[in-house]
Amino acid sequence: MATPFYITTPIYYVNARPHLGHAYTTIAADVVRRFHAMSSDRTYFLTGTDEHGDKIVRAAKKENCTPREYVDKISGLFQNLWPELNISNDAFIRTTNPAHMAVVETILQRIYDSGDIYFSEYEGLYCFGCERFYTERELVDGCCPDHQTPPETIKESNYFFKMGRYQQWLIDHIETHPDFIRPERYKNEVLAFLREPLGDLCISRPKSRLKWGITLPFDHDYVTYVWFDALLNYISALGYPDGERYQTFWPVAQHIVAKDILKPHGIYWPIMLKAAGLPIYQHLNVHGYWNVDQSKMSKSIGNVIEPLEMKNIYGLDAFRFFLMRDMAFGLDSSFSEEALVQRINADLANDLGNLFSRVLSMAHKYFGGVIPEPDPAVEKEMDLGLEENSRTAIKAFSAAMDVFAFHKGLAAVWEFITHMNKYVDVTAPWTLAKNKAARKQLETVIYNLLEGLRIISGLIYPVMPDTAVTMQKHLGMTGEDKFYKLERLNAWRGITPGVKLRKSVSLFPRVDPEKKKQVPEAVAAPAKPAKPIKPEIGIDDFAKVDLRVATVVSCQPVPRAKKLLQLEVDLGETRTIVSGIAGNYAPDELVGKQVIVVANLKPVKLMGVLSKGMLIAANDVSGVTVATLDKPVTPGTPLS
Ligand code: MSP
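Remember, it's a predicted structure, so these values are computed and weren't measured experimentally.

Undergrad: In this structure, what is going on with the site of the ligand? I would like to understand it.
TA: The ligand sits among 23 residues. The nearest are Ile11, Thr25, Asp50, Asp260 and Trp290. A distance of 2.7 Å is found between an oxygen atom of the ligand and a side-chain nitrogen or oxygen belonging to Thr25. In this structure, a nitrogen atom belonging to the ligand sits 2.9 Å away from a main-chain N or O atom of Trp290. In the complex, 93% of the free accessible area of the ligand, which totals 680 Å², lies under the protein chains. Of all the secondary-structure elements, those providing two or more residues to the shell around the ligand are strand S1 (5–13), helix H1 (20–37), helix H7 (227–230) and helix H8 (233–236). In terms of residue count, S1 provides more of the shell around the ligand than any other element does, four residues in total. Classifying every residue of the shell around the ligand gives 13 nonpolar, eight polar and two charged.

Here's what the structure looks like:
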């Protein structure tokens, strides 16, 4: 059996609602969890909430509730959000769980007994309004940023953890395990911290100042503070010290965090584990920060991105895809809806969605929706290397995903999608279909394309699990719950001839980049006097017009005709339609969309191109708007 895999996210503070940043880390963890499920049978994925400390007490006070009521409420928001984002976590840990608190006490006692925790006086700058210490750097003009008053210097006795003792050990560990902290820039950052002597870490607060925490087992007048409580969640959630889960998963633990909490995870945590005599985690994977339109995301600027809102507008898989594709893991990235829409239209609607609907439509048109049998002799003779391309893609994808380089993993899949699209163009199935003698070639080409789609559906599974399942179902593979296993993807010829396919579907409707702006403008436009309604007709007259649903397969400008676009549409059969919409639509804007076509209009030649049918569109002050359908419908369906 393949190696087990354990992944954790940070446990999020419950002093704020979940936002884009939390969603990114958790989706990234979900993606790696699903990626490892492609090769391993045992994965464990943990997330949760960090609920102690004075930040939380202050947030609860602001809301006029007890800390307990407050943490229950905000932790609930996180717990309810994750299923909405298709997060497949196995457990959700809360630091207020009694079992977690017991583990913290055990470890504290152990480290105290071994002499690495000592009691000492501490002097610092204290704000009585906030009931907390400030560092010099946190002050604004020497004053507390909240109360605008200078803090007082007070002395307080506390417990400290002797980190300096383990400094050289940690440097050696990092140097002998070069990918312990990755990407490399963060390893270098930690090593740079470690060039200076490590101070000891204050791990307690007197109960006179903070009660909302875990009582120190060796001094009941104190609670433990922040990191000693929070970091231990990674083992308490596995049922430390006994239990099969701890034995299986702790030796292979990997964490994902953003750069803001590099120091606690890269320095305090391994030292805590070492001091407690526990094995050290395997990898710390550190990503950058999402900014929004180039600025830091913040409540006061009002640019906080709500993950559910993005899901509702653009669809969950498109949102997940964008986050994984647009951020180079390790570097900062800027979020914008424009960039998201661009990705949806180019990578999802155009490259993937189009390929999928084109291939399925052809399989229906040429083989009645039944997977054809490929011919090995023809395959050899054509030798277009699709199988080889798929193997290259799987290899590059796996290597990238293994080191959390999601953007590279997806780029490898999209390279294969490009090969598939080229394969369609080069083999031109529509030409083969016209020649009876080329039947075997056509069967082999369509088989290979369906097989390629099967592999793509498996490769996109970690990032877009719902789309992967939809593709599988349409490929007639309903009974396969482990379709994404790498060994299945590596075995070419996995799709079975003779199996019935479902009708083609539009996986990703294109998003009108102007939509949000256009709607209010159109509404605000001065009302034009409506054209008088035409003379009455009977139902029989209406029935003469054959209106059909058609999927736009491709679109290009008509040379020397500024206003015209030439569209290839699929309405059960492929047709060319020339339409006067070039002033309002870019050629690739309608590709993948479903439109309404007058199918029995007498063909006409426009600028030398024979147009067989007409698109239904509205023409008002804002220009021409093509009528589209708001849900996918089988191409060719009549409208009545
Ligand atoms: N409670 C601590 C972590 C304890 S782990 C033992 C904490 N919580 S937090 O709510 O502030 O979460 C910080 C984490 O949220 C970051 O490390 C990152 O995973 C995620 N992000 C929050 N804002 C982010 C961005 N703007 N961009 C990317 N991720 C960010 O620290």
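Undergrad: Explain the sheet that holds strand S3 (residues 91–94) to me, please; I cannot follow it from the model alone.
TA: Sheet strands pair by backbone hydrogen bonding; their relative direction is either parallel or antiparallel. Strand order across the open sheet formed by six strands is S3-S2-S1-S12-S13-S7, with parallel pairing between neighbours. Here the strands that pair on one side only, and so sit at the sheet edges, are S3 and strand S7 (181–182).

Undergrad: Honestly, the sheet that holds strand S9 (residues 204–206) in this entry has me stumped. Any pointers?
TA: Taken in spatial order, the three strands make up an open sheet running S9-S11-S10, and their pairing is antiparallel. Every interior strand has two partners, whereas the edge strands, S9 and strand S10 (215–216), have only one.

Undergrad: Would you mind showing me how to read the domain arrangement of the protein chain here?
TA: A common way to report how large an interface is uses the accessible area buried once the components associate. Domain assignment breaks the protein chain into domain 1 (4–287), domain 2 (335–500) and domain 3 (539–638). Of note, the centres of domain 1 and domain 2, computed from C-alpha atoms alone, are 43 Å apart. The partner domain 2 presents 19 residues to the 19 residues of domain 1 that form the contact. Carbon and sulfur atoms supply 69% of the area that domain 1 and domain 2 bury against each other, a total of about 1,500 Å² over both sides. Summed over the three residues of domain 1 that lose the most area to domain 2, namely Arg34, Phe35 and Met38, the buried surface amounts to 43% of that side. For the pair domain 1 and domain 2, the interface holds one salt bridge. Every element with two or more residues in the side of domain 1 that touches domain 2 is listed here: H1 and strand S12 (253–258). Among the elements that line the side of domain 1 that touches domain 2, the one with the most residues is H1, at nine residues. When grouped by side-chain class, the residues that make up the side of domain 1 that touches domain 2 number 10 nonpolar, six polar and three charged.

Rules behind the numbers
Residues numbered from 1 in each chain as written. Predicted model: local features only at pLDDT ≥ 70, side-chain atom pairs only at ≥ 80, totals over all residues. Heavy atoms only, no water. Near = heavy atom within 4 Å. Polar contact = N/O pair within 3.5 Å; in protein donor to acceptor, adjacent residues only side chain to side chain. Areas by Shrake-Rupley, 256 points an atom, 1.4 Å probe, with all protein chains shown as cover. Helix = DSSP H or I, 4+ residues; strand = E, 2+ residues; numbered from the N terminus. Nonpolar A, V, L, I, M, F, W, Y, C, P; charged D, E, K, R; others polar. Pairing = 2+ DSSP bridges. Domains from an automatic or database assignment. Contact = heavy atoms within 4.5 Å. Buried area = accessible area lost by both parts, 1.4 Å probe. Salt bridge = Lys/Arg side-chain N within 4 Å of Asp/Glu carboxyl O.

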